[in-house]
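What the coordinates show
This is what each chain is made of:
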Amino acid sequence: MPDTILRLALPSPLRRLFDYKAPAGVPRDALQPGARLRVSFGRREVIGILVELADSSDVPADKLKPALELLDRNSPLPAPMFKLCLWTAQYYQHSLGDTLSWALPVLLRQGEPAAARQERYWHMSEGASLDDPRLARAPRQREALRTLAQHHHGVPHAMLGKLLLNKDSLDLLLEKGLVRVEVQRSKPLERHGGWLAQPELPLNAEQRAAFTAVQSGMGDFGAYLLYGVTGSGKTEVYLQLIRHCLEAGKQALVLIPEINLGPQTLERFARRFNARIALLHSGVNDRERLDAWLAARDGEADIVIGTRSALFTPMKKPGLIIVDEEHDASYKQQEGLRYHARDLALVRARQENLPIVLGSATPSLESLHNAHAGRYALLRLGQRAGNAQPPRFLRLDVKSLPLDSGISGPMQQAIRQTLEAGQQVLVFLNRRGFAPTLLCHDCGWISQCPRCDARMTLHQRHHELRCHHCGHVERTPHNCPDCQKVDLRPVGAGTERAEERLNILFPEHPVLRIDRDSTARKGAMDKLFHTINKGEPCILVGTQMLAKGHHFPRVTLVAILDADGGLFSADFRASERMAQLIVQVAGRAGRAEEAGKVIIQSHLADHPLLVQLTEQGYPAFAEQALSERRGAGLPPFSHLALVRGEAHKPGQAEGFLDQACTYAEQLRDELKLAGIELLGPVPAPMERRAGRFRAQLLLQAGSRASLHRLLAAWLPILEAMPSGRAVRWSLDVDPIDLF
Ligand code: ADP
Ligand code: ZN
Ligand code: ZN
């Protein structure tokens, strides 16, 4: 009888499966696809996932190794999730093993049992008594026993500290047989009563129409674009749809952008429902992540909320997927498996027959295009919910105005008036640090990063120059490194500089900076929010961290210091991103009774895109931008794939890509694939980064199917190219960042 061959997906970049023999003594029927096995791979031991069983292998029998150990009797990965991973690996042309590694919780990848945490519970023994004579002179043990006596279901080991139970006392009680320890599965939370912990708001007409549209489509695949201005009550619609889903006995998956992770968002869901919520985001540790994943898989969590990778959480009874702020760039993973969680959420919804709601005040042009094409149902919320008024926009031409740390005179005036009226101001500047460049006024030396084609940012408070691209850090020099003179001057302004200047201009009001540097410490953000929520006049200065999800009812002026970057960037998506950012930041203003005002400083105040955005709003801007994309044949009217390469020697990556390009041209002709353009290779816009020289090759195609046919045939060739060994290269399907 022939050996059973196991085809395993291993955590390796190689796009293929690996054959092994069954571990000694394990019969064929104990081997289930999806199960994990420990195997030796090269010089390492790794954990692979069984994809299929076979009767023969191309590997000669004497070269086939047996797997070392079978870790699962039953596949830990439910079939729908496995199917999604297969689809993902295929679409992004990524190795299946590596795809599974990104999709699975870390502990499962490391071989942890795929079962909820077993916990030790302390119980009082049957028949034990507080009056036991052996406790007469042991008051602490007696106290401990008394506490246990009050907990009929036992006390989990992790809770001992909270109940002031002393481990030594318990051990002594254990020796006496007065207590016992039981290992049991931690109890799933129990629910009592209805699903709502808080009354719902009566929906307005637009909200109701949106709610009804999705609700009537429950139980089937359907994609809905909930396009509602900031503050229009999209979240309220999500919440009521989730309630409906829970009542139907199903689970809901909610994806949120990284930046929305604040307690405000999470609390809103937790407060509304009497439900078991599984949280999956960068802040939870590996054990919590596994427990949440298992709870969702086994139907013991009702709502799953998380960032990008939560998309891969299996659910026993899925009912609904919501992707909040669907335009947000954090849904796209920019390393390893370069997937887009929103796009995969749609695939998942189709595979599992679920309705999916994509919500945004500023939908991506891709999603708008899909709505125009009838692939998504468009649900509009045009009015702010409650009493809030939409903000007014003013463009402030600063062409001939002096800027004082980035802030013009009229802008200072507007800030002063707002503070004097007892209101709060939000100053938006999407640049961290004190100044983006340090310049020697004598000889022209600039703070160039030694490892990148980029300048180092001055972080005054830490006396450091930091490269925001590679992380290189230097002490700020006192003298010019070239001419030794002492006239070093910061050029341009970042949030730190704006903060310093505003503090001098408005000494009587607090100035709070909110960016990655000021909120790095745990709890810092909460402290800032506490001050803001007190409602006294103050100035918030920050980067895009300020732009999303937060609710600042007392802010009535939004001061945007610099919008120009988005208007003349080489990246065709820059204007879309700028418009989204402006609208999102503007949406923070005047969300309560007072109307808000948004002032945009610009050297290009008459730029048509800016005029359109501020006078007619995002929908008009988006239509204009879409028609420009159509004219230029750019996404969503074409499909892109980008190969990036980087190497230690100049020209090395380009050489590799050059050869790769030749192969692609050959394949294109062989397979008769029309309408695929190969652009490049060219040096990356920032050619040198972190000491490596980078180049890229862009593929642009009218048809996604042809592009994928080409990629599928091309990637194995790239993998085998000897010139690729010295080059670190990667493929990005549907890149959102061309740099
Ligand atoms: P969005 O998610 O679209 O930005 P939110 O759901 O956060 O909007 O709603 C903005 C504000 O309006 C919140 O304070 C919310 O409580 C309130 N709100 C939402 N829907 C209603 C409603 N139907 N009636 C009254 N207030 C509402
Ligand atoms: Zn100098
Ligand atoms: Zn650098």
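A brief structural summary. Keep in mind the model is a prediction, meaning the values are calculated, not measured.

**Focus: the sheet that holds strand 29 (residues 692-701)**
Spatially, the 4 strands line up as an open sheet ordered 28-29-27-30, and their pairing is antiparallel. A single partner strand is all that each edge strand has here, and the edge strands are strand 28 (676-689) and strand 30 (728-733). On average, each strand axis in the sheet is inclined to that of its neighbour by 20°, with strand direction left out of account. Sheet topology note: the strand 28/strand 29 ladder contains 8 bridges and is antiparallel. If you follow L678 over to strand 29, its bridge partner there is L699. Across the sheet, helix 18 (residues 652-670) lies against strand 27 (639-647), strand 28, strand 29 and strand 30, angled at about 170° from strand 28, the strand it touches most. Each of strand 27, strand 28, strand 29 and strand 30 is contacted by helix 19 (residues 704-720), which is oriented at about 165° to strand 30, the strand it contacts most.

**A closer look at helix 19**
In a regular helix each residue adds 1.5 Å, so 17 residues correspond to 24 Å; helix 19 covers 25 Å between its end C-alpha atoms and thus fits that length. The axis of helix 19 is deflected most strongly, by about 30°, at W714, and proline P716 appears within four residues downstream. Where helix 19 begins, the side chain of S703 points an oxygen toward the backbone nitrogen of A705, at a separation of 3.3 Å.

**Comments concerning the nonpolar core**
Counting 119 residues, the largest nonpolar core has L255, F312, I356, Y618, L699, L711 and W714 as its most contacted members. With sequence-adjacent residues up to four places away left out, L699 is seen in contact with H639, L640, A641, E677, L678, L707, L710, L711 and W714. Core analysis: the second largest hydrophobic core is formed by 28 residues, W195, L246, V254 and I305 among them.

**Side note on the coordination of the zinc ion (ligand 3)**
Within the protein, C449 (SG), C452 (SG), C467 (SG) and C470 (SG) serve as the donor atoms for the zinc ion (ligand 3), at 2.2 to 2.4 Å. Considering all 4 donor atoms around the zinc ion (ligand 3), the spread of angles at the metal, 104 to 115°, places the coordination shape in the tetrahedral class. For the zinc ion (ligand 3), all donor residues lie on one chain, and their spacing in sequence is C-x2-C-x14-C-x2-C. Of this pair, C452 sits in the loop between strand 18 (437-440) and strand 19 (457-459) while C470 sits in the loop between strand 20 (464-466) and strand 21 (473-475), and the two are 18 residues apart along the sequence. C452 sits in the buried class, given a relative accessible area of 0%.

**Describing the coordination of the zinc ion (ligand 2)**
The zinc ion (ligand 2) binds to the protein through C440 (SG), C443 (SG), C480 (SG) and C483 (SG); the donor distances cover 2.2 to 2.4 Å. For the zinc ion (ligand 2), the 4 donor atoms in the first shell make angles of 105 to 113° at the metal, a pattern classed as tetrahedral. Read in sequence order, the donor residues for the zinc ion (ligand 2) give the motif C-x2-C-x36-C-x2-C. In this pair, C440 is assigned in strand 18 and C483 in the loop between strand 21 and strand 22 (488-491), connecting sequence segments 43 residues apart. The partly exposed category is assigned to C483, whose relative accessible area is 24%.

**Considerations on the sheet that holds strand 5 (residues 69-70)**
Read from one edge of the open sheet, 5 strands run 2-1-4-3-5, paired in antiparallel fashion. Every other strand in the sheet has two partners, leaving strand 2 (18-21) and strand 5 as the edge strands with one partner each. One ladder, built from 4 bridges, connects strand 1 (residues 5-9) with strand 2; its direction is antiparallel. Residue pairing in the sheet places L8 in a bridge with F18 of strand 2.

Definitions and limits used
- Residues numbered from 1 in each chain as written.
- Chains lettered and ligands numbered in written order.
- Predicted model: local features only at pLDDT ≥ 70, side-chain atom pairs only at ≥ 80, totals over all residues.
- Heavy atoms only, no water.
- Pairing = 2+ DSSP bridges.
- Helix = DSSP H or I, 4+ residues; strand = E, 2+ residues; numbered from the N terminus.
- Axes fitted to C-alpha atoms, helices over the stretch in contact; angles between N-to-C directions.
- Contact = heavy atoms within 4.5 Å.
- Expected span 1.5 Å × (residues − 1).
- Bend = angle between axes of the 7 residues up to and from the residue.
- Polar contact = N/O pair within 3.5 Å; in protein donor to acceptor, adjacent residues only side chain to side chain.
- Core = buried A, V, L, I, M, F, W, Y, C linked by side-chain atoms within 4.5 Å.
- Buried < 20%, exposed > 50% of the residue type's maximum accessible area, 1.4 Å probe, protein only.
- Donors = N, O, S within 2.8 Å, 3.2 Å for Na, K, Ca; no water.
- Tetrahedral: all angles 85-135°; square planar, octahedral: opposite > 155°, others 65-115°.

Any functional reading would require information beyond the geometric quantities listed.
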